[in-house]
Amino acid sequence: MKHIFEVSLICFITVFLSYSSIADIQSVPAFQSAIPGVLSISKVSGGFAKAEQKADPADILVKDWFDIPVTQKGGMFNPVFLPFEFITDAEHKGDLDLLTFPCLLSFKFDFVPDNYSARHPGSIYRKTRKNPIWFTSMNETQRVVNYIKYWSATHAIGGTIIQQKEGLTGEMVVIDSTGREVIRQKYSQPVPYFTFMGQMVKTWMEYRGQPVSDGLYQELIRPMTTDMECVKMYGKTFFVPWRKQEEWDIYEEILKRDPDFAEIRYWYANQKGWTLDSESQEYAQLKIETGRALQSHLVMPALGEFNYTGCPDKAVINDCKKVLDYAIDICGENPLVMAVKLKNNRGKLSIKQLDAMLPLAEKYPSNLIFLTTLASEYLKKGCHDRSMPLILSAIGSGYLKGSGKFVWEWSILTRDYCRLGYNDEAIYCAQQAVHDIGTKGEQYLYWNMAMAYMDRQDYLEAARAFRIANERKQGYGADLMSRLCIYQSGKLELLADPEYVAVQETQYSNETAWKELTNKRYDQALNTMAPMVNSPLVNPDSSLYVAEAEKFHAEVYILTGQLEMAKKHAYRAWYIHPQSRRVACLLAQCCKDDKYQMGVYLKMASFFYPDDQLWKKLAQKYEILPINEAYADIVQKYNKIKVELAGLSEDAQWAFWQQFSPFEIEYMCLALVRGGDSTIKGDVLEMYDRYRKAVSRISYFQRDASWLFRKQLQKS
């Protein structure tokens, strides 16, 4: 384990080390934003401002290779509950039911598939008990609208309950955020307390066109407790100090009377958990109580919150798995249930099984939990064409998040856009994340942000990002990286500026190499970095370490006019980091006389990133002309490769593929697929899969680049 950790450390501290004196080394214009006018970067308290949005993010972030649509909200149901008007006789008269009924009713409404109740009625009442807005009549339309907007809800639910000896009758009223009355349903047949609640939920689901199976209906009308005295006791909790021992005493007394009052067991654990250290033993025990609540009957929020992996009680785990199977049976179209299924089968479901859940994600685009959980499973399988649109849909879901907001979602997008070669998009996503990141940062967010800036040759912004990464402890060597960015910018006077340079903790030979290069001691610089370039291209964990050494060598050899040596190292750098704009600049300089090679390279780079201005500038700079190669000649080359490839072992195949220059295989495959012979496409894709299998093991960047080309090639 220690060895692996050290390799990762080497990888991170050597990322993007090149271009010390960019004005002298680079003869190509600096990379310009592929999204002009969208990113507006300014300093805020030493950090980064949220990107000023001058365009629809969908126009920026959605790619034509996405396999599923990016959705925006749609059909959200986030209700708030008002006190129901109780009409009763003297024997049953009391104020407690004004609060008890809507609080327990909200647990029944948790079965609605597109519902996420961001605010439980009990919490609302406690937060606004001195505010008369809670005691709003359903007939006061404007006050109801204000109430809905105050809690960022979509609907308000209230009504009238008539308590008779035979049971409850009355009506339910649902009002939307515009004040429109969408339902006023009367219930004239007396029924028991909890049956009345279940009927209301069934009415709402049928109104929304959502299926209510026989099993689900039986669950909806199931009594939470058969001891109605426990219901009255629950009502007393609203009149004692919130989240204090007096409240816990009432819950404990209820559970003594009825241990199977699962909603109270769950709610007790949920509320007390807010008062405890999340690392404490008592907190861990409360989380087990969430699972024990499910041993009584199905409580939807408990199903969603129970942590299988963190529970030491195997009996509770086994019982909860049975409850999950039961939930799938009675309401398998509920996205919360499917999210729990995904969490309980992490990494075990096939892509085909995951794809079967996509219609549910499109049907319920407001359920962030399901969208992100499904996206996480696709992430594990490298399916960016599904994971990225799901994450974007989650961000646009309208879901109300607590602390951190959408930091995880923006951070994952930052990493993946960066790895796929979309630097501007990565920076855009990073800026959204850092705006909301708070005191704790998502792991390596600032690293990915800095990497994107470096590849875009915005070295000072990269230095600032590394400086912040160092403060947030987001990886090792950020102190070194901030200094190397200054070397790359050529503004050595900033090495003493704390705005750009982190407090130095360590010294590495890489910085020594850059000092040697700055002083034009080329041989000494090469000797310092020499051990890195002898590493084999087979280890993703150390691949960037090797890539940056290769780029460093290529740049030094360009400076000294040794273009053939520069080409050798630039080629190896390309195999590790084919999306790199810096590699593109290196190749343009050391291969400037090879018009065919540069024509192939720029044609394929433009295929990957058709809106990227760098490729056009390179073509203009070096007067690169279109390639006019006969289709028959390309077919002949392809057939020759097939013959030579046959029978080669996996290791021999890797050596075989390395003889080709950057993007040569991609160019050949694309020309064949677009050449008009439709019968050859399947064979070409199969051959490219063999190539991709060989090169994917080099680095995460090569893995994602070959994945993206395969995706685009299939669509051609």
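Computed from a prediction, not measured in an experiment: that's the story for all the values here. Numbering of residues starts from 1 in each chain and follows the order in which that chain's sequence is written. In keeping with the model being predicted, local features are shown solely for residues with a pLDDT of at least 70 and side-chain atom pairs are shown and tallied solely at 80 or more, while totals for entire chains, interfaces and linings include all residues. As a rule here, side-chain values cover all heavy atoms of the structure and leave hydrogens and water aside.

### Things to note about the overall build of the protein
1) Next: Strands here mean DSSP runs of E at least two residues long; helices mean DSSP runs of H or I at least four residues long; both are numbered from the N terminus. Along the protein, the regular secondary structure elements total 36 helices and seven strands.
2) Next: Residue contacts follow a heavy-atom distance rule, with two residues in contact if any of their heavy atoms lie within 4.5 Å. Considering only intrachain contacts with a sequence separation of at least 6, the fraction spanning at least 24 residues in the protein is 68%.
3) Next: Accessible surface for the protein amounts to roughly 30300 Å². Of this, 50% is attributable to carbon and sulfur atoms. Using the Shrake-Rupley algorithm and a 1.4 Å probe, accessible areas are obtained, with residue cover drawn only from the displayed protein chains.

### Quick word on empty space enclosed by the protein
1) Next: Detection works on a 1 Å grid of protein atoms alone, calling trapped sets that fit a 1.4 Å probe cavities and calling open sets with protein on both sides within 12 Å along at least five of seven lines pockets, with lining residues defined by an atom within 4 Å of a point. Grid points are joined across faces, edges and corners, and a volume is the space filled by probe spheres set on the points. Inspection of every chain in the model, using the stated rule, returns four cavities of 30 Å³ or more.
2) Next: In this structure, the largest cavity encloses a volume near 60 Å³.
3) Next: Forming the boundary of the largest cavity are F107, K108, F111, E219, R222, M224, E263, H297, L298, V299 and M300.
4) Next: When residues are grouped by polarity, Ala, Val, Leu, Ile, Met, Phe, Trp, Tyr, Cys and Pro land in nonpolar, Asp, Glu, Lys and Arg in charged, and all others, Gly among them, in polar. Tallied by class, the residues present in the lining of the largest cavity amount to six nonpolar, one polar and four charged.
5) Next: Computed from the structure, the second largest cavity encloses a volume of approximately 50 Å³.
6) Next: Surrounding the second largest cavity, P578, Q579, A605, F608, Y609, W615, F663 and A705 form its lining.

### Regarding unusual backbone geometry
1) Next: Despite not being glycine, S152 has its phi angle at roughly 50°, a positive value.
2) Next: Checked against the element boundaries, S152 lands in the loop between α6 (141-150) and β5 (155-164).
3) Next: Between buried and exposed lies partly exposed: a residue is buried under 20% and exposed over 50% of the maximum accessible area for its type, with that area taken using a 1.4 Å probe on protein chains only. Look at S152 and you get partly exposed, because its relative accessible area is 39%.
4) Next: The phi dihedral of K520 is positive, around 60°, even though this residue is not glycine.
5) Next: Take K520: it is sitting in the loop between α25 (509-518) and α26 (522-529).
6) Next: For K520, a relative accessible area of 58% corresponds to the exposed category.

### Quick look at the pairing of strand β7 (residues 181-191)
1) Next: Whether two strands pair depends on DSSP finding at least two bridges between them. As defined by bridge partners, strand β6 (residues 167-176) adjoins β7 across seven bridges and the pair is classed as antiparallel. Counted as the bridge partner of G170 is Y187 from β7.
2) Next: The hairpin turn running from β6 into β7, its antiparallel successor, is four residues long, and G179 in that turn takes a positive phi close to 95°.

### Observations concerning the side chain of T154
1) Next: Within the fold, T154 resides in the loop between α6 and β5.
2) Next: Overall, the relative accessible area of 15% leaves T154 in the buried class.

### Remarks on the packing of aromatic side chains
1) Next: Working definition: a ring pair exists when centres of Phe, Tyr or Trp rings (six-membered ring for Trp) sit within 6.5 Å. Plane angles under 30 degrees give stacked, over 60 give edge-to-face, the rest tilted. Following the criterion strictly, the structure yields 42 aromatic pairs and no others.
2) Next: Where F77 meets F109, the ring centres are 6.2 Å apart and the plane angle is 50°; that geometry is what we call tilted. Within this pair, whereas F77 is found in the loop between α3 (57-61) and β3 (79-81), its partner F109 is found in helix α4 (residues 97-109), the two being separated by 32 residues in sequence.
3) Next: Here F77 falls in the buried class, since its relative accessible area comes to 0%.
4) Next: Summarising the aromatic geometry, the rings of W657 and Y691 are spaced 5.0 Å apart at their centres and angled 85° between planes, so their arrangement reads as edge-to-face.

### Quick word on the side chain of K272
1) Next: With respect to the secondary-structure elements, K272 resides in helix α11 (residues 262-273).
2) Next: Identification of polar contacts relies on pairs of N or O atoms within 3.5 Å, with a donor-acceptor requirement for protein atoms, meaning one able to donate a hydrogen and the other able to accept it, and with residues adjacent in sequence counted only if both atoms are side-chain atoms. In this structure the side chain of K272 is engaged in a polar contact, spanning 3.1 Å, whose partner is the side chain of E282.
3) Next: If we ignore the near neighbours within four places in the chain, the residues touching K272 are W248, E282 and L286.

### What to know about helix α12 (residues 281-294)
1) Next: Every helix has an expected span of 1.5 Å times one less than the residues it contains. With 14 residues, α12 extends 21 Å from end C-alpha to end C-alpha; this agrees with the ideal 20 Å at 1.5 Å per step.
2) Next: Considered for burial, the residues of α12 that qualify are L286, I288, E289, T290, G291, A293 and L294.
3) Next: Of the surrounding elements, those touching the buried residues of α12 are α11, α13 (300-305) and α14 (314-331).

### Examining helix α24 (residues 478-489)
1) Next: With twelve residues, α24 ought to run about 16 Å at 1.5 Å a step, and its terminal C-alpha atoms sit 17 Å apart, in line with that.
2) Next: Counting buried residues in α24 gives twelve out of twelve residues, a clear majority hidden from the surface.
3) Next: Within α24, the full set of buried residues consists of A478, D479, L480, M481, S482, R483, L484, C485, I486, Y487, Q488 and S489.
4) Next: Trailing α24 by a residue or two, G490 shows a phi angle of about 85°, which is positive.

### A word on the pairing of β6
1) Next: With ten of its ten residues buried, β6 lies for the most part within the structure.
2) Next: Across ten bridges, the pairing between β5 and β6 is antiparallel. What sits directly across from G158, in β6, is V173.
3) Next: Connecting β5 to the antiparallel partner β6 that follows it, the hairpin turn spans two residues.

### Topic: the environment of G675
1) Next: Topologically, G675 is positioned in the loop between α34 (664-673) and α35 (681-695).
2) Next: The exposure class assigned to G675 is partly exposed, which follows from its relative accessible area of 36%.

### Side note on the packing of helix α33 (residues 650-657) against α35
1) Next: Simply put, an axis is a line fit to the C-alpha atoms, just over the touching stretch for a helix, and the angle between two N-to-C directions goes from 0 to 180 degrees. It is at 9 Å that the axes of α33 and α35 come closest, and there the two elements cross at 95°. Taken together, the axes of α33 and α35 lie roughly perpendicular to each other. The residues of α35 that touch α33, namely those facing E650, Q653, W654 and W657, are M687, R690, Y691, K693, A694 and V695.
2) Next: A per-class count over the contact of α33 with α35 returns six nonpolar, one polar and three charged. Each angle is binned into one of four classes, with values under 35 degrees roughly parallel, values over 145 roughly antiparallel, values of 65 to 115 roughly perpendicular, and all other values oblique.

### Notes on the layout of surface pockets
1) Next: One number sums up the size of the largest pocket: a volume of about 2000 Å³.
2) Next: Lining of the largest pocket is provided by 50 residues; of these, N270, W274, E305, I369 and Y399 occupy positions nearest its centre.
3) Next: Counting only elements with at least two residues in the lining of the largest pocket, the list comes to α4, α5 (121-128), α11, α12, α13, α15 (335-344) and α18 (368-380).
4) Next: Its residues assigned to classes, the lining of the largest pocket comprises 21 nonpolar, 19 polar and ten charged.

### Comments concerning the confidence of the model for the protein
1) Next: Averaged over every residue, the pLDDT of the protein is 84; the share at 70 or more is 86%.
2) Next: The predictor attaches a confidence to each residue, and that confidence, scored 0 to 100, is pLDDT. Across the protein, helix α8 (residues 214-220) holds the top mean pLDDT of 98, while helix α1 (residues 2-13) sits lowest at 28.
3) Next: This model gives residues 1-47 a pLDDT under 50, and the stretch forms 150 contacts once residues within four places in sequence are excluded.

### So, a negative patch on the surface
1) Next: A surface patch of like charges, here negative, comprises E246, D249, E252 and E253.
2) Next: Relative to the helices and strands, E246 resides in helix α10 (residues 245-257). Exposure above 30% relative accessible area and no salt bridge define the residues that can form patches, which grow by joining like charges within 9 Å and nonpolar side chains of Val, Leu, Ile, Met, Phe, Trp and Tyr within 5 Å. Take a side-chain nitrogen of Lys or Arg and a carboxyl oxygen of Asp or Glu: if they are within 4 Å of each other, that pair is a salt bridge. Working convention for charge: Lys and Arg count positive, Asp and Glu count negative, and His plus the chain ends are omitted. By convention, the point assigned to a charge is CZ for Arg, NZ for Lys, CD for Glu and CG for Asp.

### A word on the pattern of salt bridges
1) Next: A full pass over the atoms with the stated rule returns 39 salt bridges.
2) Next: Measuring nitrogen to oxygen at the nearest pair gives 3.1 Å for the salt bridge that ties R222 to E219.
3) Next: With a shortest N-O distance of 3.0 Å, E499 and R464 are connected by a salt bridge. One end of the pair, E499, is in the loop between α24 and α25; the other, R464, is in helix α23 (residues 459-472), and 35 residues separate them in sequence.

### Details of the environment of S117
1) Next: Topologically, S117 is positioned in the loop between α4 and α5.
2) Next: Along the backbone, S117 and A153 are 36 residues apart, and their C-alpha atoms lie at a distance of 8.5 Å.
3) Next: Discounting chain neighbours no more than four positions away, the residues touching S117 are N78, P79 and D110.

### Some details on the environment of A547
1) Next: Structurally, A547 can be placed in helix α27 (residues 543-559).
2) Next: Judged by its relative accessible area of 0%, A547 falls in the buried class.
3) Next: Note: C-alpha distance between A547 and Y575 (28 residues apart in sequence) is 8.5 Å.

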